[in-house]
Amino acid sequence: MILTSKTNPVIKTVKSLSDKKFRYNLGLYLVEGLKNVEECISAGCDIQKIICTEKWQDRFENAVLVSDALFKTVSTETAPQGVMAVVRIPETELKPPRGDCLLLDCLQDPGNLGAVIRTANAAGYEEIYLINCTDPFSPKAVRASMGGIFRVTLYSAYRKQILDALKGVPIICADMDGKDVFQFTPPKRFCLCIGNEGSGISEEVSALADYTVKIPMRATCESLNAAVSAGIAMYALKNHK
């Protein structure tokens, strides 16, 4: 059977997951696009449903089939591919990091957050701590992470709880007043902190910084995008250990 009605309960649930309130009330988020859905399956995520058009029915067993027109009404993509998954948001108990980790302090752009998660996965930062950040499970952030969100552990909590979990781990803050990151040798284990796109790292986190590093730039450039800065710093610190 192919669903065509917007009032179908499955469709209404999927549509609601574009809203953060419903994502967390239901404990679910959306993953869209063929590559992302297949990455989600490969990573062993807790997939509740796969919704697809007839084009993909042979690829995904037990998927909920919907018409092309109906899929477009629930998709968050500008050019939907016709496949999405409803996935359980992981329940993670806040713990100290096992290795090098990231602390994201008030990142507000979902595209930036997703890109940082994507790069963190690539560079080997498996644990990411979030203080007052935008929702990493929003469709835009999930899309920008390009599967990275399935391969890292995200911890989101109040600032004090996060900082308590990081006690004993040297914090390296990325800031324009720091040492050249390419000349800096990090400690054996560390937490790299990236701040808000506009205001940078909060005073509370800055006060706890053990080290501060910067990315050298030409005088004609005032700043770099937060995700770009994070990516450069992540790799520079890993390569100088």
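Check the entry above for the structure.
Residues numbered from 1 in each chain as written. Predicted model: local features only at pLDDT ≥ 70, side-chain atom pairs only at ≥ 80, totals over all residues. Heavy atoms only, no water.

K.L.:
Any chance you could break down the nonpolar core for me, citing the residues and the numbers?
P.N.:
One finds Tyr29, Val31, Leu102, Leu104, Ile128, Leu192 and Met234 to be the most contacted residues of the largest nonpolar core, which totals 48 residues. With seven residues, the single largest contributor to this core is helix α9 (residues 226–239). Beyond its immediate stretch of four places on either side in the chain, isoleucine 128 contacts Leu102, Leu104, Ile117, Ala120, Val152, Thr153, Leu154 and Tyr155. Listed in part, the 16 residues of the second largest apolar core include Ile162, Ala165, Val169 and Val205. (Core = buried A, V, L, I, M, F, W, Y, C linked by side-chain atoms within 4.5 Å. Buried < 20%, exposed > 50% of the residue type's maximum accessible area, 1.4 Å probe, protein only. Helix = DSSP H or I, 4+ residues; strand = E, 2+ residues; numbered from the N terminus. Contact = heavy atoms within 4.5 Å.)

K.L.:
Pulling in residues and values, what's your account of the pairing of strand β7 (residues 153–156)?
P.N.:
Across four bridges, strand β6 (residues 127–131) lies against β7 in parallel orientation. Looking at the pairing, leucine 130 lines up with serine 156 of β7. (Pairing = 2+ DSSP bridges.)

K.L.:
Go over the pairing of strand β4 (residues 83–88), please, and point to the residues and values.
P.N.:
Counted residue by residue, β4 has five buried out of six residues, so it is predominantly covered. Looking at chain direction, strand β1 (residues 28–32) and β4 are connected through five bridges and run antiparallel. Bridged to leucine 30 within β4 is valine 86. Judged from the five bridges that link them, strand β2 (residues 47–52) and β4 form a sheet pairing that is antiparallel. Across the sheet, isoleucine 51 pairs through a bridge with methionine 84, a residue of β4.

K.L.:
Break down helix α5 (residues 110–123) for me, citing the residues and quoting the values.
P.N.:
For α5, spanning 14 residues, the distance from its first C-alpha to its last is 20 Å, which sits close to the expected 20 Å at 1.5 Å a residue. For α5, the complete set of buried residues consists of Pro110, Gly111, Asn112, Leu113, Gly114, Val116, Ile117, Ala120 and Ala123. For α5, the elements touching its buried residues are β5 (101–105), β6, α6 (139–145), β7 and α9. Sitting at the head of α5, aspartate 109 places a side-chain oxygen 2.9 Å from the backbone nitrogen of glycine 111. In the segment just after α5, glycine 124 is the residue with positive phi, at about 95°. (Expected span 1.5 Å × (residues − 1). Polar contact = N/O pair within 3.5 Å; in protein donor to acceptor, adjacent residues only side chain to side chain.)

K.L.:
So what about the side chain of serine 138? Which residues, and what values?
P.N.:
Along the chain, the position of serine 138 falls in the loop between β6 and α6. Looking at serine 138, the relative accessible area reads 11%, which means it is buried.

K.L.:
Just give me the short version of the layout of surface pockets, but keep the residues and values in it.
P.N.:
In this approach, a probe sized like a water molecule rolls over the atoms, and the result shows the empty space that is left. Its volume calculated, the largest pocket comes out at about 590 Å³. Around the largest pocket, the lining is made up of 28 residues, and of these Ile89, Pro90, Thr92, Phe137 and Leu154 lie nearest the centre. Of all the secondary structure elements, the ones that give two or more residues to the lining of the largest pocket are α2 (20–26), β4 and β7. Considering each element in turn, the lining of the largest pocket owes the most residues, four residues, to β7. One number sums up the size of the second largest pocket: a volume of about 470 Å³. Forming the boundary of the second largest pocket are 22 residues, of which Ala174, Met176, Ser223, Leu224 and Ser229 lie nearest the centre. Those elements that place two or more of their residues in the lining of the second largest pocket are β8 (171–180), β10 (211–214) and α9. Classifying every residue of the lining of the second largest pocket by side-chain character gives ten nonpolar, eight polar and four charged. (1 Å grid on protein atoms, 1.4 Å probe; cavity = no way out; pocket = protein on both sides within 12 Å on 5 of 7 lines; lining within 4 Å. Points joined across faces, edges and corners; volume = space filled by probe spheres on them. Nonpolar A, V, L, I, M, F, W, Y, C, P; charged D, E, K, R; others polar.)

K.L.:
So what about the state of the cysteines? Which residues, and what values?
P.N.:
Scanning all chains against the criterion turns up zero disulfides. For the unlinked cysteine cysteine 52, the closest cysteine sulfur is that of cysteine 40, found at 15 Å. Here cysteine 173 stays unpaired: no disulfide links it, and the sulfur of cysteine 193, its closest cysteine neighbor, is 4.4 Å away. For cysteine 173, a relative accessible area of 3% corresponds to the buried category. (Disulfide = S-S within 2.5 Å.)

Just geometry here; none of it tells us what the structure is for.
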